[in-house]
Amino acid sequence: SAVISQKPSRDICQRGTSLTIQCQVDSQVTMMFWYRQQPGQSLTLIATANQGSEATYESGFVIDKFPISRPNLTFSTLTVSNLSPEDSSIYLCSVGDAANSPLHFGNGTRLTVT
Amino acid sequence: SQQGEEDPQALSIQEGENATMNCSYKTSINNLQWYRQNSGRGLVHLILIRSNEREKHSGRLRVTLDTSKKSSSLLITASRAADTASYFCATPQSGSARQLTFGSGTQLTVLP
């Protein structure tokens, strides 16, 4: 199964700034997924990062707020822009080996916006 | 939107007891998965059950699936303090075999 390194593990950012989260996988994967987990809540899919094409965003999430890069098959970044306290969440990247198979998750990035 | 709803939201038991968590979902699925999350960390996959399976075991875990009722349950037998975590069910997102929609989760506390 894939090993995922995500960083930073946590950060405290000021309102109005941006945070870029990196996700590195130890094998080539077609799709990488970015999830948000607000405090005490479940996971919500933000977008699917596809190599060689633009990310696909879920309803309620826009590229201007959550730009994503996917320069190759082992790496992706998620930027959370123009931060507000409502963006305080855990952000998780994940990959799946194949359709209808389990997802593997990074350890998440805990973001606090002050 | 959440595909799955789980109950209870929180469960507190003594070490050695069994813990049962339930998950209901809305649309037809070809598999259902259970994950564990320890105190805000990444999720760890526990077990996947396919729509043509009714029951599956993995160590102290037992998962059932009732597609007619669109529900699943996760049973942890002989619980340990280390089982304290949040447990989530997840189903493939409509129209996608890779993207998952997660349930609301059950926070399990096992008291020593």
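The structure displayed is predicted, hence computed values, not measured ones.

Calculation notes
Residues numbered from 1 in each chain as written. Chains lettered and ligands numbered in written order. Predicted model: local features only at pLDDT ≥ 70, side-chain atom pairs only at ≥ 80, totals over all residues. Heavy atoms only, no water. Phe/Tyr/Trp six-rings, centres within 6.5 Å; stacked < 30°, edge-to-face > 60°. Helix = DSSP H or I, 4+ residues; strand = E, 2+ residues; numbered from the N terminus. Buried < 20%, exposed > 50% of the residue type's maximum accessible area, 1.4 Å probe, protein only. Core = buried A, V, L, I, M, F, W, Y, C linked by side-chain atoms within 4.5 Å. Contact = heavy atoms within 4.5 Å. Buried area = accessible area lost by both parts, 1.4 Å probe. Salt bridge = Lys/Arg side-chain N within 4 Å of Asp/Glu carboxyl O. Polar contact = N/O pair within 3.5 Å; in protein donor to acceptor, adjacent residues only side chain to side chain. Nonpolar A, V, L, I, M, F, W, Y, C, P; charged D, E, K, R; others polar.

(A) Structural context of the packing of aromatic side chains. Under the counting rule described, the total for this entry stands at six aromatic pairs over all chains. When the centroid spacing of 5.5 Å and the interplanar angle of 90 degrees are considered together, the rings of Tyr35(A) and Phe102(B) count as edge-to-face. With Tyr35(A) in strand S4 (residues 31-37) and Phe102(B) in strand S10 (residues 100-102), the pair connects residues from two separate chains. No difference in accessibility class separates Tyr35(A) from Phe102(B), as the two residues are buried. Judged by centre distance (5.9 Å) and plane angle (85 degrees), the ring pair of Phe105(A) and Tyr35(B) falls under edge-to-face. Residue Phe105(A) is found in strand S10 (residues 103-105), and its partner Tyr35(B) is found in strand S4 (residues 31-37); the two belong to separate chains. Its relative accessible area of 11% is what places Phe105(A) among the buried residues. Overall, the relative accessible area of 0% leaves Tyr35(B) in the buried class. Among the aromatic residues, those joined into a cluster by ring pairs are Tyr35(A), Phe105(A), Tyr35(B) and Phe102(B).

(B) Fine view of the nonpolar core. In this structure, Trp34(A), Ile46(A), Phe66(A), Ile68(A), Leu78(A) and Tyr91(A) are the most contacted members of the largest nonpolar core, which totals 26 residues. If you list the elements that add at least two residues to this core, you get strand S3 (19-25), S4, strand S5 (43-50), strand S8 (75-80), strand S9 (89-96) and strand S11 (109-113) of chain A. Residues within four places of Ile46(A) in sequence aside, it is in contact with Trp34(A), Tyr35(A), Arg36(A), Thr56(A), Tyr57(A), Glu58(A), Phe61(A), Phe66(A), Leu78(A) and Tyr91(A). In this structure, Ala19(B), Met21(B), Trp34(B) and Ile76(B) belong to the second largest nonpolar core, which totals 21 residues.

(C) The arrangement of the interface of chain B and chain A in detail. The interface of chain B with chain A comprises 24 residues on the first partner and 25 residues on the second. Across the chain B/chain A interface, buried area totals approximately 1900 Å², and carbon plus sulfur atoms make up 49% of it. Here chain B and chain A share zero salt bridges between them. Across the contact surface, chain B and chain A share seven residue pairs in polar contact (both at pLDDT 80 or more). At the level of elements, S4, strand S5 (43-50), strand S9 (85-92) and S10 of chain B are the ones that each hand at least two residues to the side of chain B that touches chain A. Considered class by class, the residues forming the side of chain B that touches chain A number eight nonpolar, 13 polar and three charged.

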